[in-house]
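Remarks on the overall topology
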Number of protein chains: 2
Amino acid sequence: MSPSQRKAEYDSCLAQYKNFQSQKLTINMSRGKPHAEQLAFSHEMLTAFSRGFTAEGGFLAEDGTDCRNYGGLYGIPEMKRLFAEILDVDPSSVTVGGNSSLNMMFDCVAAFRERIWDKKIKFICPVPGYDRHFAMCEYFDIEMIPVEMTEAGPDMDAVERLAADPSVAGMWCVPVFSNPQGYTYSDETVGRLAAMPAANPHFRLFWDNAYAVHHFRGERPRLLNIFAECARPENNRADRPLAFTSFSKISFAGSAVAAVAASPRNLSILRNRLKFQTVGPDKINQLTHARYFKNLSGVLAHMEKLADILRPKFETAEDIFTRRLGGTGIADWYTPDGGYFISFNTLDHCAKRTVALCAEAGVETTGAGATYPYGNDPRDRNIRIAPSYLTAGELRAALEVFCCAVRLAALELLNGEAYHA
Amino acid sequence: MSPSQRKAEYDSCLAQYKNFQSQKLTINMSRGKPHAEQLAFSHEMLTAFSRGFTAEGGFLAEDGTDCRNYGGLYGIPEMKRLFAEILDVDPSSVTVGGNSSLNMMFDCVAAFRERIWDKKIKFICPVPGYDRHFAMCEYFDIEMIPVEMTEAGPDMDAVERLAADPSVAGMWCVPVFSNPQGYTYSDETVGRLAAMPAANPHFRLFWDNAYAVHHFRGERPRLLNIFAECARPENNRADRPLAFTSFSKISFAGSAVAAVAASPRNLSILRNRLKFQTVGPDKINQLTHARYFKNLSGVLAHMEKLADILRPKFETAEDIFTRRLGGTGIADWYTPDGGYFISFNTLDHCAKRTVALCAEAGVETTGAGATYPYGNDPRDRNIRIAPSYLTAGELRAALEVFCCAVRLAALELLNGEAYHA
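Quick summary incoming for the structure in this document. (Residues numbered from 1 in each chain as written. Chains lettered and ligands numbered in written order. Predicted model: local features only at pLDDT ≥ 70, side-chain atom pairs only at ≥ 80, totals over all residues. Heavy atoms only, no water.)

Section: the side chain of K283 of chain A
Residue position: K283 of chain A is located in helix α11 (residues 283-293). This buried residue, K283 of chain A, is left without a salt bridge; D282 of chain A holds the nearest opposite charge, at 7.2 Å. With residues near it in sequence (within four places) discarded, K283 of chain A still touches T65, D66, C67, N69, Y70, G71, G72 and I76 of chain A together with G254 and S255 of chain B. (Helix = DSSP H or I, 4+ residues; strand = E, 2+ residues; numbered from the N terminus. Buried < 20%, exposed > 50% of the residue type's maximum accessible area, 1.4 Å probe, protein only. Lys, Arg positive; Asp, Glu negative; His and termini not counted. Salt bridge = Lys/Arg side-chain N within 4 Å of Asp/Glu carboxyl O. Contact = heavy atoms within 4.5 Å.)

Given below as structure tokens:
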């Protein structure tokens, strides 16, 4: 485009933007929350106790634990088994917790910090990544070192170099449908994470498998088993991985059940804290989940219903992005086959401005920089798109505003306009 | 008694004990767990969602929060209000958590340790006291200083002296129906706890009001409001108390809802940790509790039903203790009007032996020493009796064995018999 063409394009884009502003929208696209339509698929769980759980053994878990009472600190057997199936591990390696896998990660980081790690440590943080992982590191004063993500997982050459630093004690991984890209780690990536030497003897992989069964298109992605890889005789690193997952985006986002799978040594470190920390998790909720979902097949059948709600939303995003921004060279994005997010890149130096323009037109997105440690996206270009919580109509409206904002921010930059923000 | 009378008494007691042993009992009287009969009074809660919660506003809390989804990190308004009524505070001072008040105490201790307190600190621990409080201090490497309990609460002269030590940063209090005695702090005790100077500027009272509504005889005990006392202009110590309570011994022991009440500064310290720690508590369970119990009157009406289950058990204990041990001078006990425990004292140096004798006859009690920091009862005489979990028949059988063991241990000591254990 010539400068005058760009000026014309800018004027037209600005007119469109002002039109959006006049609509006084208030749409929040910032968090990966399930829509009420998805949640409704689990209502039956809540009425389960009036529909005959008593006939199925009342409140007793398989091992005779009365789920209404104290006890069962590490989870009931049927829930351990269900998580073991999802995570592809032995039930004996599972500890079932409360409603939040994030809380279990927090507890594990706290336990390692209190009992194992040195005071000054660093974590490897694949970027763009999950803001709550990064926030947890900030809370615990753990220095974060970003490593670029690829479609096959984190840049393993960089990871291997960093692991040679003895102060590097951990690494965040979302191995399936990574947050926010939706990438799944390749066999080579998983193999190298298991095989690489780490200078810190207490180096741990925080394997946040939040989207283990969350494919909404095609087959469930195959993930190489990190536990099996680490346990290979030539690796002999059974203590390296701690895997986390939950039913938060399966049943009820705030009222689900979470678990961690880990080696006997890691479980013992966690459990030696849990037994001082709590009287135990909510076992009625565990029993309800275990009896309702029964096994992995039950979970996968349920996820198909949720996929039918989610898939069209991602298709809508793909469609609008392609129509509004395809071929312009001012944006790129990756639309995954599962998970909850789309990772979107503007031109360098345009993400903050885009987010601000969206906000001024009533559309709240995840903050620019949120996908980077310390909120610092060095190229200021990545924005996490979370389509799940919106209705089809809201999503269309929000994404039209978003695409207009992306164009406007890019044109401001290219035209040398002063930023308004 | 003459030595020969004591020998005859010992022989008769031993014969009785051997008879108990031959019955091969296996009764666990160690923990304060509610009996299934009590739990059954709350079954209706679990079927609530099939009986018309939808008509009462569906899954929306009063402030519009969808309880099925993420969000509402500090609790829904109706549950804050209910806890505020129980704790006699303003709802704005309440943070509602998950299922375990112990976990909230742990989180508060952790937060203060991470953000406020020095590394080497001490806690004042009224004794006999609650083993899980003491275990938490051990976990966090907080030195414990025991202070004797009286019927009016902890020995305040000793407490005031200790508070003059700048390394004393906290104190455990179970102000109503103390664990294990069942004493309730007098107005004078509460007033002095609020008024006393503390050398450590971050001195905190951990006010574990676990038995706030757990009277099973007579009126609900009046407790002076620790927040109001601390806030008096002449005291000006609003940050001193953190009060905890839960529905664990109201609804379901493992699946209830817990809360903390505290000053804005304390809440902010806790919340600034919670927001990194978790995606939020189980709000469906909060909504269920709030709608089922409605208000303090609803809770008190429910507690009357539970009282009818608990009262006869405490009466049974009182009756058997009086008949078997009354007037012997080898034991004393206090049978409270609420709470979950009886604090029982043997002769000095006889508690461990009594517990061992019970165990050898198939009756498990709370361990001797458990009611003291580091498990160290210097006089080896206190045993916590927990009658709630047993049926009437089991309780009678267990207490007969217990009384026999108390006599046998005392006679061994008085006769100079070698301990068997």
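Side note on the packing of aromatic side chains
All told, the structure shown has 49 aromatic pairs over all chains when counted by the stated rule. Aromatic pair F247 of chain A and F293 of chain A: ring centres 5.2 Å apart, planes at 45 degrees, arrangement tilted. With a gap of 46 residues between them, F247 of chain A in the loop between β8 (241-246) and β9 (258-262) and F293 of chain A in helix α11 connect regions that are remote in the sequence. Like F247 of chain A, the residue F293 of chain A is buried in the burial classification. Put simply, the rings of F112, W117, F123, W172, F206 and F244 of chain A touch in pairs and so form one group of aromatic residues. In this structure, R115 of chain B packs its charged tip against the face of Y139 of chain A, placed 4.1 Å from the ring centre. (Phe/Tyr/Trp six-rings, centres within 6.5 Å; stacked < 30°, edge-to-face > 60°. Lys NZ or Arg CZ within 6 Å of the ring centre and 35° of its normal.)

Points about the packing of helix α5 (residues 101-115) of chain A against helix α10 (residues 264-277) of chain B
Each pair of packed helices can be summarised by the angle the axes make with each other and by the distance between the axes. With their axes 8 Å apart at the nearest point, α5 of chain A and α10 of chain B run at an angle of 110 degrees to one another. Relative to α10 of chain B, α5 of chain A is oriented roughly perpendicular. Residue-level inspection shows L102, N103 and F106 of chain A of α5 of chain A in contact with α10 of chain B, the latter providing R273, F276 and Q277 of chain B. Among the residues forming the contact of α5 of chain A with α10 of chain B, the class breakdown is three nonpolar, two polar and one charged. (Axes fitted to C-alpha atoms, helices over the stretch in contact; angles between N-to-C directions. Parallel < 35°, antiparallel > 145°, perpendicular 65-115°, else oblique. Nonpolar A, V, L, I, M, F, W, Y, C, P; charged D, E, K, R; others polar.)

Things to note about the pairing of strand β11 (residues 342-346) of chain A
Two faces, one strand: in a regular strand the side chains alternate between the faces of the sheet. Residue and element names in this part refer to chain A. Among the five residues that make up β11, five are buried, leaving the element largely enclosed by the rest of the structure. Residues of β11 alternate between two faces, with I342, F344 and T346 on one and S343 and N345 on the opposite face, all of them buried. Bridge count between strand β10 (residues 331-334) and β11: four bridges; the pairing is antiparallel. For W333, the partnering residue across the bridge sits in β11 and is F344. Bridge count between β11 and strand β13 (residues 382-385): four bridges; the pairing is antiparallel. Across the sheet, residue S343 finds its bridge partner in β13, namely R384. (Pairing = 2+ DSSP bridges.)

Section: the interface of chain B and chain A
Taken together, the 50 residues of chain B in the interface contact 50 residues of chain A. Taken together, both faces of the contact between chain B and chain A bury some 4300 Å²; the carbon and sulfur share is 55%. Looking only at chain B, the three residues that lose the most surface to chain A are R68, Y70 and Y139 of chain B, adding up to 18% of its buried area. There are zero salt bridges connecting chain B and chain A. Taken together, the links from chain B to chain A amount to 22 residue pairs in polar contact (both at pLDDT 80 or more). The set of elements that each furnish at least two residues to the side of chain B that touches chain A consists of α2 (36-40), α3 (43-46), α5 (101-115), α6 (131-139), α10 and α11 (283-293) of chain B. With six residues, α5 of chain B is the largest single contributor of residues to the side of chain B that touches chain A. (Buried area = accessible area lost by both parts, 1.4 Å probe. Polar contact = N/O pair within 3.5 Å; in protein donor to acceptor, adjacent residues only side chain to side chain.)

Describing the pattern of salt bridges
Side chains carrying opposite charge are able to pair once their charged atoms draw close together. This model, assessed by the stated rule, comprises 44 salt bridges over all chains. For D348 of chain A, the salt bridge goes to R379 of chain A, with nearest N and O atoms at 3.0 Å. Remark: R379 of chain A occurs in the loop between β12 (363-365) and β13 and D348 of chain A occurs in the loop between β11 and α13 (351-360); sequence separation between them is 31 residues. Exposure remark for R379 of chain A: the relative accessible area of 41% places this residue in the partly exposed category. Among the ionic pairs, E62 of chain B bridges to R81 of chain B, the shortest N-O distance being 2.7 Å. Highlighted residues: E62 of chain B in the loop between α3 and α4 (77-87) and R81 of chain B in helix α4, separated in sequence by 19 residues. Here the salt bridges share partners, and the residues they tie into one network are D157, E160, E188 and R192 of chain A.

Some points on the sheet that holds β11 of chain A
Residues and elements named next belong to chain A. Here we have three strands laid out as an open sheet, ordered β10-β11-β13, and antiparallel in their pairing. The open sheet has two free edges, formed respectively by β10 and β13, since each of these has just one partner strand. Across this sheet, the average inter-strand angle for adjacent strands is 20 degrees, counted without regard to direction. Relative to β11, helix α12 (residues 296-325) is tilted by about 15 degrees, and along the sheet it contacts β10, β11 and β13. Relative to the sheet, α13 contacts β11 and β13, its axis offset from that of β13 by approximately 40 degrees.

Structural notes on the relation of the copies chain B and chain A
Of the transformation superimposing chain B on chain A, the axial component is 0.0 Å and the angular component is 180 degrees, with the fit at an RMSD of 0.0 Å. Overall, the copies show the geometry of a two-fold rotation axis. Within chain B, the C-alpha atom positioned nearest to the axis of rotation is that of T47 of chain B, 2.9 Å from it. (Least-squares fit on C-alpha atoms with pLDDT ≥ 70 in both.)

What about α13 of chain A?
Residues and elements named next belong to chain A. By the burial criterion, the buried members of α13 are A351, R353, T354, V355, L357 and C358. For α13, the secondary structure elements touched by its buried residues are α1 (3-22), β11, β12, β13 and α14 (392-414). Within two residues after α13, G362 carries a phi angle of roughly 85 degrees, on the positive side.

Observations concerning the side chain of T316 of chain A
With respect to the helices, strands and loops of the structure, T316 of chain A is situated in helix α12. Every residue in contact with T316 of chain A, bar those within four places of it in the chain, is listed here: L395 and R396 of chain A.

Details of helix α6 (residues 131-139) of chain A
All buried positions along α6 of chain A are accounted for by D131, H133, F134, M136, C137 and Y139 of chain A. A positive backbone phi angle near 60 degrees is found at D141 of chain A, which sits one or two residues after α6 of chain A.

Things to note about the sheet that holds strand β9 (residues 258-262) of chain B
All names here are of chain B. The strand order β2-β9-β8-β7-β6-β3-β4-β5 describes an open sheet built from eight strands, whose pairing is mixed. Pairing within the sheet leaves two strands with one partner each, and these edge strands are β2 (94-96) and β5 (153-154). When strand β7 (residues 204-208) meets strand β8 (residues 241-246), the two strands line up parallel, connected through four bridges. Across the sheet, L205 pairs through a bridge with P241, a residue of β8. Sitting on the sheet, helix α7 (residues 156-163) touches β3 (122-127), β4 (143-150), β5 and β6 (168-173), and the angle it makes with β4 is about 155 degrees. Its contacts with the sheet place helix α8 (residues 187-195) against β5, β6 and β7, and it is angled at close to 145 degrees to β7.

Describing the state of the cysteines
All names here are of chain A. Summed over the entire model, instances satisfying the criterion amount to zero disulfides over all chains. With no disulfide of its own, C230 lies 10 Å from the sulfur of C173, the closest cysteine sulfur. What makes C230 buried here is its relative accessible area of 0%. (Disulfide = S-S within 2.5 Å.)

Re a positive patch on the surface
Residues K119 and K120 of chain A together with K119 and K120 of chain B make up a contiguous surface patch of positive charge. By secondary structure assignment, the location of K120 of chain A is in the loop between α5 and β3 (122-127). (Patch = residues over 30% accessible without salt bridge, like charges linked within 9 Å, V, L, I, M, F, W, Y side chains within 5 Å. Areas by Shrake-Rupley, 256 points an atom, 1.4 Å probe, with all protein chains shown as cover. Charge placed at Lys NZ, Arg CZ, Asp CG, Glu CD.)

Comments concerning the pairing of β8 of chain B
All names here are of chain B. Burial analysis of β8 places six of its six residues in the buried class, which makes it a mostly covered element. Burial along β8 is two-sided: P241, A243 and T245 facing one way and L242, F244 and S246 facing the other are all buried. The handedness of the β7 to β8 crossover, carried by helix α9 (residues 226-231), is right-handed. With five bridges connecting them, β8 and β9 associate as antiparallel partners. For F244, the partnering residue across the bridge sits in β9 and is V260. (Right-handed = clockwise from strand over helix to strand, strands pointing away.)

Focus: unusual backbone geometry
Residues and elements named next belong to chain A. A cis amide bond links N179 with the next residue in sequence, P180, at an omega value of 10 degrees. Of note, P180 is situated in the loop between β6 (168-173) and α8 (187-195). You will see that D141, though not glycine, has its phi angle at about 60 degrees, which is positive. Tracing the chain through its elements places D141 in the loop between α6 and β4 (143-150).

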